[in-house]
Amino acid sequence: MNVLTKLKETAVSVIPVILIVLLLGFTVVPVEKIILARFVIGGLFLIAGLTVFLIGVDLGIQPMGERCGAELTKKRSIVLLLVSAFFIGFIVTAAEPDIQVFASQVQSVFPFINRLSFTFVIASGVGVFILTGLLRSVLNFSLKITFFILYTVLFILTFFIPSDFAGIAFDSGGATTGPMTVPFIMALGLGVCSVRSDDKNSFGLTGISSVGPVMAVLVFALCYKSMTGGSVLQSVSSNAVTESEGIFSSFGMIIPQILKESLVSILPLFVLFIIFQITLLKLSKIQIIRMVIGFFYSFTGLALFLTGAGGGFSQAGREIGFSLAQKALNMGGWWTVLLVVTGFVFGAIIVCAEPAVWVLSEQVEHVSGGTIKRKILLVFLSLGTAAAVALSILRIVNGLDLKIILIPGYVISLLLMIFCPTLFSGIAFDSGGVASGPLTSTFVLSFTIGISSAFNTSDSFGVIALVAMMPLIAIQIMGIIFRIKSRRSVKEVK
């Protein structure tokens, strides 16, 4: 493990964002000096936290997930595997900080929704679909057909619920794939496939599990609508902006809450580790110590990362978005173009600083034996996320219905599966989940909420949904290009 290499890579991902914000803050959209200072400090927290977190994942979370998946598969008890998968998905998701924040945001906009019940609905969806994903792997059922069936059902359900709730539902799919859930889910899937020596199906479990909360929330909305006999939504549009305005006043005020969220996020996984160690894993003392150290590093890194994201990045993102949007609204022309281009650049750069993105890219390179280069994967993932943020801004500016973008986008994703290798389709749908992590949700969502505030709209929900959708297209295009180049290489050898 090269700590300096990880530090260098994370710094290269975060520093460009800092430089762009400073450039904008000192020139075209002046921002208060104290906000920029906190933003820079937050960036340093991000770099340190991401580095420490990735070391912890390598030492503890990833080995635990792979061993659990492998050992559960070796027991040759489908019932044991599926029951364990459901409870793992439910417990880990219910404790995920992103879900707690997302449920609170939904309740702040729609007070009639109970936060705890909404959290349990999402967690149940993840549990059921992790179970579904592992069952698919064990039965060797086609990954492409699985995605086609699941998303066809999603499309049908979206026509029976209000448009505003579609944004919440698809956002929930991105919010579930946080920094703790993703590494464990991916490692669990790799562990199951390692026993079956099936690298082609190593990826896709995160993508399938991301469908769960969307499906669960759509069904929840449908049931609520049928019980009330009317519209599900009674929204108060101004609350979405008010929520973002009070995110933080200083690092000191948010640290206690961040420590609590990080502990709540780590603790369920650690408890699962103890249970599996007693009943299933039977690791040596050295292995146990190594994993415990890994969990400690993960906790420390996650706390540092979230402190930087919440304490330094949120307010700066909102201020930049609000100021640029006001100029675009009042002056139009190239200011509108600058607004969209700025969102595109932020999306391209900031996704590379997501913890789960680094975990996915490293696992892809490892499983493919270096055939799929991590840097190339990051380039296509960045382009997809950049396009998603740009589309989100255009949607706010022009007042477009989210369904007009989402449904054609997912139809294109499903059609691309026909021409894309299965491995890349799995990676693509996993990428859609990992791209919408805490940093994207914090900075990009704050940036777009600032834009929504300037345009006096309530279109804040749906941004995460688009960020989760576009990588599906980008990575599968990468897979098609990879297939074409591979075939050309074979012909040249012959």
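Residue numbering note: each chain is counted from 1, following its sequence as written. Owing to the predicted nature of the model, reporting of local features is limited to residues with pLDDT of at least 70; listing and counting of side-chain atom pairs is limited to 80 or more, with chain, interface and lining totals taken over all residues. Side-chain metrics rest on all non-hydrogen atoms present in the structure, leaving aside hydrogens and water.

Before going further, it helps to examine the overall build of the protein. Each helix is a run of H or I in the DSSP string that is no shorter than four residues. Each strand is a run of E no shorter than two, and both are numbered from the N terminus. Regarding its fold elements, the protein presents 19 helices and zero strands. Buried residues are those whose accessible area, probed at 1.4 Å on protein chains only, stays under 20% of the maximum for their type, while exposed residues exceed 50% and partly exposed ones sit between those limits. A buried classification covers 60% of the 494 residues belonging to the protein. Put simply, 87% of the contacts in the protein that link residues at least 6 apart link residues at least 24 apart. Accessible surface area values rest on a Shrake-Rupley calculation with a 1.4 Å probe, where residue burial reflects the displayed protein chains alone. Accessible area of the protein: about 19,100 Å², with a carbon and sulfur share of 68%. Working rule for contacts: check all heavy atoms of both residues, and any pair within 4.5 Å makes them a contact.

What follows is about the pattern of salt bridges. We count a salt bridge whenever a side-chain nitrogen from Lys or Arg sits within 4 Å of a carboxyl oxygen from Asp or Glu. Per the counting criterion, the structure on display carries two salt bridges. Residue Glu71 pairs with Lys74 through a salt bridge whose shortest N-O separation is 3.8 Å. Here Glu71 pairs with Lys74, and both are found in helix H2 (residues 33–74), just three residues apart, close to one helical turn. For Glu71, a relative accessible area of 24% puts it in the partly exposed group. With a relative accessible area of 52%, Lys74 lands in the exposed category. As a salt-bridge pair, Glu362 and Arg374 come within 3.4 Å of each other at their nearest N and O atoms. Pair noted here: Glu362 is in helix H14 (residues 355–367) and Arg374 is in helix H15 (residues 374–398), with a separation of 12 residues, a long-range link. You'll find Glu362 and Arg374 in the same group, each marked buried.

Time to look at the packing of aromatic side chains. A pair of aromatic rings is counted whenever rings of Phe, Tyr or Trp (Trp by its six-membered ring) have centres within 6.5 Å, and the orientation is called stacked for planes under 30 degrees apart, edge-to-face for over 60 and tilted otherwise. Tallied over the full model, the rule gives 20 aromatic pairs. When the ring of Phe118 is compared with that of Phe220, the centres are 6.1 Å apart and the planes differ by 70 degrees; the resulting orientation is edge-to-face. Taken as a pair, Phe118 in helix H5 (residues 115–139) and Phe220 in helix H9 (residues 205–228) lie far apart in primary sequence, 102 residues in all. Classification of Phe220 by relative accessible area gives partly exposed; the value is 22%. Three or more aromatic residues link up through ring pairs in this structure, and these residues are Phe147, Tyr151, Phe155, Phe170, Tyr410 and Phe429. One Lys or Arg, Arg318, reaches over the ring of Phe322 and ends 5.8 Å from the middle of that ring. Here Lys327 stacks its cationic end above the ring of Trp335, 5.1 Å away from the centre of that ring. Either the NZ atom of lysine or the CZ atom of arginine qualifies as a charge over a ring when it sits within 6 Å of the ring centre and within 35 degrees of the ring normal.

Once that is clear, we can look at the packing of helix H1 (residues 3–26) against H2. For helices, the axis comes from a line fit to the C-alpha atoms of the stretch in contact; other axes are also lines fit to C-alpha atoms, and the angle between any two N-to-C directions lies between 0 and 180 degrees. Closest axis-to-axis distance for the H1/H2 pair is 9 Å, and the angle between their directions is 160 degrees. Judged on the interaxial angle alone, H2 and H1 are roughly antiparallel. Once H1 is placed against H2, the crossing between them reads as right-handed. Orientation is classified from the angle alone, with under 35 degrees giving roughly parallel, over 145 giving roughly antiparallel, 65 to 115 giving roughly perpendicular, and any other angle giving oblique. The hand of a helix crossing depends on one turn: near helix anticlockwise from the far one by less than a right angle means left-handed, and clockwise means right-handed.

What follows covers unusual backbone geometry. The residue Asn140 is not glycine, and still its phi comes out positive at about 60 degrees. In this fold, Asn140 is placed in the loop between H5 and helix H6 (143–158).

The next subject is the environment of Ile18. Following the sequence through the fold, Ile18 ends up in helix H1. Here Ile18 falls in the buried class, since its relative accessible area comes to 9%. As for Ile18 and Phe313, which are separated by 295 residues in sequence, their C-alpha atoms are 9.3 Å apart. Every residue in contact with Ile18, bar those within four places of it in the chain, is listed here: Phe39, Val40 and Gly43.

Okay, the layout of surface pockets next. Every definition here rests on a 1 Å grid over the protein atoms only: cavities are sets of points where a 1.4 Å probe fits but cannot get out, pockets are open sets enclosed by protein on both sides within 12 Å along at least five of seven lines, and lining residues have some atom within 4 Å of a point. Grid points are joined across faces, edges and corners, and a volume is the space filled by probe spheres set on the points. Of the voids in this model, the second largest pocket is the one considered here, and its volume is about 280 Å³. As for the second largest pocket, its lining consists of Lys8, Glu9, Val12, Ser13, Pro16, Ile349, Cys352, Trp358, Arg374, Lys375, Leu378 and Val379. When residues of the lining of the second largest pocket are traced back to their parent elements, those giving at least two are H1 and H15. It is H1 that contributes the most residues to the lining of the second largest pocket, five residues altogether. For this classification, the nonpolar set comprises Ala, Val, Leu, Ile, Met, Phe, Trp, Tyr, Cys and Pro, the charged set comprises Asp, Glu, Lys and Arg, and every other residue, Gly included, is treated as polar. Of the residues assigned to the lining of the second largest pocket, the class counts are seven nonpolar, one polar and four charged.

As a further point, take the nonpolar core. If you look at the biggest cluster of nonpolar residues, it comprises 150 residues, and the most contacted ones within it are Met64, Phe118, Tyr151, Ile320 and Leu339. The residues touching Phe118, leaving out its near neighbours within four places in the chain, are Phe102, Ala103, Val106, Ile113, Ile168, Val217 and Phe220. Nine residue types can take part in a nonpolar core, namely buried Ala, Val, Leu, Ile, Met, Phe, Trp, Tyr and Cys, and a core is a set of them joined through side-chain atoms within 4.5 Å.

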